[in-house]
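# Remarks on the overall topology
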Amino acid sequence: MHKSTSGVALDVRARRRESSRHEHAPADDSSTPPSTIWKQLLRLTATCEALLAFGQSALAGGFLEGRANLLALHRANAILVWGIAMSMTIASVALWRLARGPLWPAGVSLALVATILLQMVLGYRGNLLIHVPLGVIIISADVLLAVWAWRSAGRP
Ligand code: HEM
């Protein structure tokens, strides 16, 4: 038994509709794309970094006011600020290499790692003439990087 011509045409159209549905179906979205993971990690590390670096100025202020114990906290927090700058570098390098993000955040993070080390040396030497303004520069760079990470952090 043969189908009528209009019956065949209907079959063909139905098959085309079916295949175009598959073509436009969203890709398997059960896993999070790598760019999102690195972007979120950069946001997390950059936010912690900005808050802890800002905390350094409050701890130093308290110490200068006469609360001697705050210097030990300032010293301990310095290690945290440095360590988180390292994690920020890892996150931004991953965003650049694995998720085709921009390169400059990795450069800025790496420069921060080096500058924070210098800042610690200056702190131990009591060279406040450079330590205080350098602290302001570090905090400003941290805040700007965190703001950028939340606003864009590269391609979606
Ligand atoms: C942003 C990152 C900063 C880091 C990593 C850092 C690190 C340090 C370190 C390691 C010391 C030596 C602590 C000791 O002698 O036991 C120190 C001392 C000190 N820092 Fe900072 N600091 C930072 C920011 C600041 C800021 C923003 C200020 C002031 C606004 C500041 C003011 C001081 C003061 C007053 C001392 C004591 C110096 C002395 O004993 O003569 N620091 N800092």
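Residues numbered from 1 in each chain as written. Predicted model: local features only at pLDDT ≥ 70, side-chain atom pairs only at ≥ 80, totals over all residues.

Assigned secondary structure in the chain consists of five helices and zero strands. Shown N-terminal to C-terminal, the secondary structure of the chain runs as helices and strands in the order α-α-α-α-α. (Helix = DSSP H or I, 4+ residues; strand = E, 2+ residues; numbered from the N terminus.)

For the chain, per-residue confidence averages 86 on the pLDDT scale, and residues scoring 70 or more make up 76% of the total. Element-level mean pLDDT values for the chain span from 52 in helix α1 (residues 5–24) up to 98 in helix α4 (residues 104–125). (pLDDT = per-residue confidence, 0-100.)

Here α4 contains 22 residues, and its C-alpha end-to-end distance of 31 Å stays within 8% of the 32 Å for a straight helix at 1.5 Å per residue. All of the buried residues in α4 are Pro-105, Ala-106, Ser-109, Leu-112, Ile-116, Gln-119 and Gly-123. Mapping the buried residues of α4 onto a view down its axis gives an arc of 135°, with all of them on the same face. Exposed and facing more than 90 degrees away from the buried side of α4 are Trp-104, Ala-114, Val-121 and Arg-125. Packed against the buried residues of α4 are α3 (70–99) and α5 (128–151). Phi for Gly-126, located one or two positions after α4, is positive at around 70°. (Expected span 1.5 Å × (residues − 1). Buried ≥ 20, exposed ≤ 12 C-beta atoms within 10 Å, placed from the backbone. Arc of directions from axis to C-beta. Contact = placed C-beta atoms within 7 Å.)

Near the ligand lie 23 residues; those nearest to it are Ala-60, Ala-78, Gly-123, Gly-126 and Gly-135. Of all the secondary-structure elements, those providing two or more residues to the shell around the ligand are α2 (34–64), α3, α4 and α5. Of the residues contributing to the shell around the ligand, the split by class is 14 nonpolar, eight polar and one charged. (Near = placed C-beta within 6 Å. Nonpolar A, V, L, I, M, F, W, Y, C, P; charged D, E, K, R; others polar.)

Within the chain, Arg-100 stands out as a residue other than glycine whose phi angle is a positive 55°. Tracing the chain through its elements places Arg-100 in the loop between α3 and α4.

Mapped onto the elements, Gly-123 comes out in helix α4. Remark: the alpha-carbon pair of Gly-123 and His-74, spanning 49 residues in sequence, is separated by 9.9 Å. Setting aside residues no more than four positions away along its own chain, Gly-123 makes contact with Ala-78 and His-131.

This paragraph deals with the packing of α3 against α4. Put simply, α3 and α4 touch, their axes get as near as 8 Å, and they point 165° apart. As the angle between them shows, α3 and α4 are arranged roughly antiparallel. For the element pair α3 and α4, the recorded crossing hand is left-handed. Across from Ala-78, Val-81, Trp-82, Ala-85, Met-86, Met-88, Thr-89, Ser-92, Val-93, Leu-95 and Trp-96 in α3, the residues of α4 making contact are Pro-105, Ala-106, Ser-109, Leu-110, Leu-112, Val-113, Ile-116, Leu-117, Met-120 and Gly-123. Of the residues that constitute the contact of α3 with α4, the class distribution is 17 nonpolar, four polar and no charged. (Axes fitted to C-alpha atoms, helices over the stretch in contact; angles between N-to-C directions. Parallel < 35°, antiparallel > 145°, perpendicular 65-115°, else oblique. Left-handed = near helix turned anticlockwise from the far one by under 90°.)

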